[in-house]
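Here's the letter readout for the chains.
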Amino acid sequence: MFKIFFKKENRLEELIYKYLENFQLIYENFEKAVFSCISEPHCKEFNFLKEQTDKYESKVDDIIEEINDLMYGKVLIPDSREDIMNLLHGLDKIPGYLEIVLFMMQYQKLVIPEKFFKDIQDLIKVSLEACEILSKQVVGFIKKETGTRAFMNTIDKHESHCDYIEKKLIQKIFTSNIDPFVKLQLKELVICMGDISDQADRVSKMVNILSMKRRV
Amino acid sequence: MIKFWTAALLASIFVILGALISGQAGIETLKGLTSFDLFQAVISSIAAALTISVMTFFGLPVSTSQAVVGAIIGIDIINSQLHLAGLSKVFICWFTTPVGGALITMILYKILAFVYNHLKIGLFGSDQLLRTCLIISGSYGAYVLGANNVANVTAVFVGAGTLSISGAALIGGLSIAFGNSYILKAGNGNHRQKVGIT
């Protein structure tokens, strides 16, 4: 109705959806990169997919920068401004974790022993599912749709499952007879993978609080 | 949220409109309490302004209407001409206004909260709606301020026969509008925070 008077707000909304699209592309590429490499270490495709993930990550940074500019231009009422900034700040940590995992795999030339394949695959799959649900939850929050709490509960379950896999994996790593140095490398990798679902859970809870806060 | 000069301009326009369109009734009511000459009108006006200045100095929020009516009563006592019928109307309003304000606020809050919570608009839509409502309610507030307070500024001069009602409404409206913009611009940050200008 008054859209013509709110050009900056409309631009901000577009940017947030663009951010979420790129966020999705990042975790899709990440998944392909990890899965392509897990069974075939140092595969050619890995470098390409890592570069793609980095490209989308840098695109996301550009979007965040433009959003920051708009926010400092006093777009939105202060309350909404703070909510959106906190939300994006929390959400933006996830691509960072994904990048760290790929970075570790590439530069530490990590070869994941076959006996850990399944658990690592499960950990990545469940973590990325949590990210996908989180993306839907954020869209639902922006569009003021119902179901925010249900999304939060699902993400919470995913996070608990990830914690379980993470602990099980670390235990397996340290009871195996691989090189102690590789054990530490793998432990670090698993912890970093676990951070993905932890952060998704934190952001999801924040979205739920923001959604409740917006009710008068 | 809204730029200072935009807020000041909107407030000024609506204060003047309020004074011109709806200020006459208030002027007539306060005029009914007076039977002053010009000298007494000036004295009562200065006395009311001084009272408000002293209260403001001590950081006490006071009602302009009460200060003006007090000053009018002072002159009426000196003249031995208290207009009890008109005064009782004013006193009743002083007691009913806060109660009415509180009741209307509570009812309006419940209704608007219900409507707002059931609106099918997203975060950005509700932000735009709130900002639009803020501007509309601010302008409406300025309109009723002009309508109600113009009498405080000018009624004694209408009573003294130096101003017509419409002339008083115009001069009063312009004075309040100028005062709003000037005091807000010159005043400290607290003033601006009180009116929601960032």
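If you're wondering where the values come from, they're calculated on a predicted model, not measured in any experiment.

Next up on the list: the overall build of chain A. Helix and strand counts for chain A stand at 7 helices and 0 strands. Beginning at the N terminus, the succession of helices and strands in chain A can be written as α-α-α-α-α-α-α. For 216 residues, the compact-globule formula gives about 17 Å, and the C-alpha radius of gyration of chain A, at 19 Å, lands near that figure. Projected onto its principal axes, the C-alpha positions of chain A cover 65 × 35 × 20 Å. The burial tally for chain A puts 50% of its 216 residues in the buried class. Just so you have it, chain A exposes about 11000 Å², and 54% of that area is on carbon and sulfur atoms.

This paragraph deals with helix α2 (residues 44-72) of chain A. Across its 29 residues, α2(A) extends 43 Å between first and last C-alpha, which sits within 8% of the 42 Å expected from 1.5 Å per residue. Directly beyond the C-terminal end of α2(A), a positive phi value near 60° is found at A:K74.

This paragraph deals with a nonpolar patch on the surface. Residues B:V99, B:L103, B:I104, B:M106, B:I107, B:L108, B:I111, B:L112, B:F114 and B:V115 make up a contiguous nonpolar surface patch of about 980 Å² in total accessible area. Secondary-structure assignment places B:I104 in helix α5 (residues 84-118).

Once that is clear, we can look at the interface of chain B and chain A. Facing the 17 residues of chain B at the interface are 20 residues of chain A. Around 1900 Å² of area is buried between chain B and chain A when both sides are counted, 61% of it from carbon and sulfur atoms. A per-residue breakdown of the area chain B buries against chain A is headed by B:L123, B:F124 and B:Q128, which together make up 36% of the total. Inspection of the region where chain B meets chain A yields 1 salt bridge.

What follows is about the confidence of the model for chain A. Per-residue confidence for chain A averages 88 on the pLDDT scale, and 96% of its residues sit at or above 70. Taking the mean pLDDT of every element in chain A, the minimum, 86, falls on α2(A) and the maximum, 95, on helix α6 (residues 148-175) of chain A.

Our focus in this paragraph is the pattern of salt bridges. Residue and element names in this part refer to chain A. In this structure the tally under the stated criterion is 12 salt bridges over all chains. Put simply, D79 and K213 hold a salt bridge, and the shortest N to O gap is 3.7 Å. Taken as a pair, D79 in helix α3 (residues 78-91) and K213 in helix α7 (residues 180-213) lie far apart in primary sequence, 134 residues in all. Taking relative accessible area as the criterion, D79 reaches 41% and is therefore assigned partly exposed. Using a relative accessible area of 41% as the deciding quantity, one classes K213 as partly exposed. A salt bridge links K118 to D122; its shortest N-O distance comes to 3.0 Å. You can see K118 and its partner D122 sitting in helix α5 (residues 117-142), 4 residues apart, about one turn around the helix. Through salt bridges with shared partners, one network takes in D79, D83, K213 and R214.

A separate point is the packing of helix α2 (residues 24-31) of chain B against helix α6 (residues 123-159) of chain B. The angle between the axes and the distance between the axes are what describe a pair of packed helices. Residues and elements named next belong to chain B. Running from N to C, α2 and α6 cross one another at 50°; their axes reach a closest spacing of 8 Å. Here α2 is positioned oblique relative to α6, judged by the angle of their axes. Read as a crossing pair, α2 and α6 show a hand that is right-handed. Counting all contacts with α2, which are made through G26, I27, L30 and K31, the residues of α6 involved are V150, A151, N152, T154, A155, V158 and G159. Along the lines of polarity and charge, the residues of the contact of α2 with α6 split into 6 nonpolar, 4 polar and 1 charged.

Calculation rules
- Residues numbered from 1 in each chain as written.
- Chains lettered and ligands numbered in written order.
- Predicted model: local features only at pLDDT ≥ 70, side-chain atom pairs only at ≥ 80, totals over all residues.
- Heavy atoms only, no water.
- Helix = DSSP H or I, 4+ residues; strand = E, 2+ residues; numbered from the N terminus.
- Rg over C-alpha atoms; globule rule 2.2 N^0.38 Å.
- Buried < 20%, exposed > 50% of the residue type's maximum accessible area, 1.4 Å probe, protein only.
- Areas by Shrake-Rupley, 256 points an atom, 1.4 Å probe, with all protein chains shown as cover.
- Expected span 1.5 Å × (residues − 1).
- Patch = residues over 30% accessible without salt bridge, like charges linked within 9 Å, V, L, I, M, F, W, Y side chains within 5 Å.
- Salt bridge = Lys/Arg side-chain N within 4 Å of Asp/Glu carboxyl O.
- Contact = heavy atoms within 4.5 Å.
- Buried area = accessible area lost by both parts, 1.4 Å probe.
- pLDDT = per-residue confidence, 0-100.
- Axes fitted to C-alpha atoms, helices over the stretch in contact; angles between N-to-C directions.
- Parallel < 35°, antiparallel > 145°, perpendicular 65-115°, else oblique.
- Left-handed = near helix turned anticlockwise from the far one by under 90°.
- Nonpolar A, V, L, I, M, F, W, Y, C, P; charged D, E, K, R; others polar.

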